[in-house]
Amino acid sequence: MEFIDEKYINALIEDKSFNDKNLQLAAIEKARLRKGISLKESAILLNITDNELLDKLFSAAKEIKENIYGNRLVMFAPLYLTNACVNNCLYCAFRIDNKDIVRKTLTIDEIEQEARQLIMDGHKRLLLVCGEHPKESNLDYIGEAIKRIYSINYNGNNIRRVNVNIAPLTAEEFKKLHSFEIGTYQIFQETYHYETYTKMHPSGPKKDFAFRLHAPERAFEAGIDDLGIGALFGLTDYRFELLAMLMHAEYMEKTLGVGPHTISIPRLEPASNAPAANKIPNAVDDFAFKKIIAILRLAVPYTGIILSTREKPELRSELFSVGVSQISAGSKTTPGAYKKTDNKSNSEFGQFQLGDHRSLDQVVKDVCNLGFLPSFCTACYRSGRTGDRFMELAKTGKIGEICTPNALATFKEYLLDFASDDYSANSEKALLEQVERLPEKTKNATKKMITKLENGERDVYF
Ligand code: SF4
């Protein structure tokens, strides 16, 4: 808890000398070297108001993301196992005091049905999410769920990476979670502002700010080295939240030798019977939100930035170009919602309101039309490229050489197996053109992967 230095963050926010165009430009130029920038420089960037400098900030974010990861956007979907929860977070519909929702915990068979549906939609990567409940979502249940999800095979297609977003665990419990072969473990602090945190979490185990804050270290010690952090924007001043989250990333880098694998930036959305979500204490407008994402990309260039379906399609499209690298698509936040067809009842018991209700197929089409490459790749985790090994590849510029071919292969797999009939021949053409632009060595290897897929093989990657 001591490493979130509120006094220092507030001093950075208050510093009027950062209203200086030369300082702001210098911070952008430094960031373009892709070595990250200091907390102070991030605070300087928060002060940009000049339109020309804002354009430079946004184009630097785009350039950095493309230089490291190319034009790929990784796709995933959340899978909610239960909305039972013993906490009382004032921004969440699952909170214990909300008597207006029907509580539902999926059985292992129902989890299989949900995962099957997601596989049939074309997904390869899931984020498993649960409310916190000692009985309904205990670790044995989560382990069973993951085992069943990995066991499903639908014509060679399967879920190849299960990331997990569950309540913080003890060191021993994290060891058990690690044994389930999870991908990334995500833990959002929600707000790094201690007083706000205390107000927002009036009861339940989540009241313990420090236990949550130090979860990444315990998970890392247990062997989980792909760790995701995040903050729920809207609870406190977004400038504080952003700088504190970067302070957390710095702390992880210093103590664990590896920063966060991903950073998530959910923004508060209305939710059933959730007072803080229905009257947002510090609402963040779209423009500030775009700035937050761009600054993150400049500050932590190698970290994946995750954008959820909380945001509306038009805004999502705009934000893809300022550094986002992973997106959820075709999401539902109600346990059991993927298999159901009655959309009304599905949305009634969700964790919050979604902004993007489009199917995966519609999102993929949009992503292609915007010039991005949809990726369903899960190769790094399965090839042992996690934690510092992944970061090393990213920092030496080699990750793009792996990401683009694997993104192309997984997109080809998607086109062969799941894309709707009205997919234009243009998608295929764009894919082949991109293969041709690859360096000779990777081009040949990618062509081989594509031929294998055309011949019926699945799950090819390097
Ligand atoms: S945010 Fe998580 S812990 Fe809090 S009430 Fe919702 S599900 Fe429970």
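Residues numbered from 1 in each chain as written. Predicted model: local features only at pLDDT ≥ 70, side-chain atom pairs only at ≥ 80, totals over all residues.

Student: I keep staring at the environment of proline 275 and nothing clicks. Help me out?
Tutor: Checked against the element boundaries, proline 275 lands in helix α12 (residues 275–278). On the basis of neighbour counts, which here come to 13 C-beta atoms within 10 Å, the residue proline 275 falls in the partly exposed class. Once the C-alpha coordinates of proline 275 and proline 439 are considered, the two residues, 164 residues apart in sequence, prove to be 54 Å apart. (Helix = DSSP H or I, 4+ residues; strand = E, 2+ residues; numbered from the N terminus. Buried ≥ 20, exposed ≤ 12 C-beta atoms within 10 Å, placed from the backbone.)

Student: What am I meant to see in the domain arrangement of the chain here?
Tutor: It is common to report an interface's size as the accessible area lost on association of the parts. By the assigned domains, the chain splits into domain 1 (6–66), domain 2 (70–375) and domain 3 (385–454). Of note, the centres of domain 2 and domain 3, computed from C-alpha atoms alone, are 26 Å apart. For the side of domain 2 that touches domain 3, the secondary-structure elements that each account for two or more residues are α16 (360–369) and β9 (373–375). When the residues that make up the side of domain 2 that touches domain 3 are grouped by side-chain class, the tally is six nonpolar, six polar and six charged. (Domains from an automatic or database assignment. Nonpolar A, V, L, I, M, F, W, Y, C, P; charged D, E, K, R; others polar.)

Student: Looking at this structure, how should I read the site of the ligand?
Tutor: In the vicinity of the ligand, the contacting residues are Cys85, Asn87, Cys89, Cys92, Phe94, Arg95, Gly131, Glu132 and Lys206. Looking at the shell around the ligand residue by residue, the classes come out as four nonpolar, two polar and three charged. (Near = placed C-beta within 6 Å.)

Student: So what exactly am I meant to see when it comes to the pairing of strand β7 (residues 304–307) here?
Tutor: Burial along β7 is two-sided: the face carrying Gly304 and Ile306 and the face carrying Ile305 and Leu307 are both buried. Summarising the sheet, strand β6 (residues 262–264) and β7 pair through three bridges and their orientation is parallel. Bridging from a neighbouring strand, serine 264 pairs with isoleucine 306 of β7. Sheet topology note: the β7/strand β8 (residues 326–328) ladder contains two bridges and is parallel. Bridged to leucine 307 within β8 is isoleucine 327. (Pairing = 2+ DSSP bridges.)

Student: Just checking my understanding: could you explain the nonpolar core for this structure?
Tutor: If you look at the biggest cluster of nonpolar residues, it comprises 138 residues, and the most contacted ones within it are Leu79, Tyr91, Leu126, Leu128, Ile293 and Leu298. Ranked by residue count, the leading element in this core is helix α11 (residues 238–256), at nine residues. Residues within four places of leucine 126 in sequence aside, it is in contact with Phe76, Ala77, Leu79, Ala115, Leu118, Ile149, Ile159, Val162 and Asn163. (Core = buried A, V, L, I, M, F, W, Y, C linked by C-beta atoms within 7 Å. Contact = placed C-beta atoms within 7 Å.)

Student: Quick question: what am I supposed to make of unusual backbone geometry here?
Tutor: Most peptide bonds take the trans configuration, and most residues that are not glycine carry a negative phi. You will see that glutamate 181, though not glycine, has its phi angle at about 60 degrees, which is positive. Mapping glutamate 181 onto the fold places it in the loop between α7 (171–179) and β4 (185–190). Look at asparagine 273: it is not a glycine, yet its phi comes out positive at around 55 degrees. For asparagine 273, the position within the fold is in the loop between β6 and α12.

Student: Sorry if this is basic, but what is going on with the packing of helix α1 (residues 6–14) against α11 here?
Tutor: A packed helix pair is summarised by two numbers, namely the angle formed by the two axes and the spacing between the axes. Where α1 meets α11, the closest approach of the two axes is 10 Å, and the angle between their N-to-C directions is 130 degrees. One element, α1, and the other, α11, form an angle in the oblique class. Crossing handedness for the pair α1 and α11: right-handed. Contacts between α1 and α11 involve Ile9, Leu12 and Ile13 from the former and Arg239, Phe240, Leu243, Ala244 and Met247 from the latter. In terms of residue class, the contact of α1 with α11 is made up of seven nonpolar, no polar and one charged. (Axes fitted to C-alpha atoms, helices over the stretch in contact; angles between N-to-C directions. Parallel < 35°, antiparallel > 145°, perpendicular 65-115°, else oblique. Left-handed = near helix turned anticlockwise from the far one by under 90°.)

Student: Just checking my understanding: could you explain the packing of helix α2 (residues 21–31) against helix α3 (residues 39–46) for this structure?
Tutor: Contact geometry for α2 and α3: axes closest at 9 Å, N-to-C directions at 125 degrees. Considering the angle they form, α2 stands oblique to α3. The interaxial crossing formed by α2 with α3 has left-handed handedness. Across from Leu23, Gln24, Ala27 and Lys30 in α2, the residues of α3 making contact are Glu41, Ile44 and Leu45.

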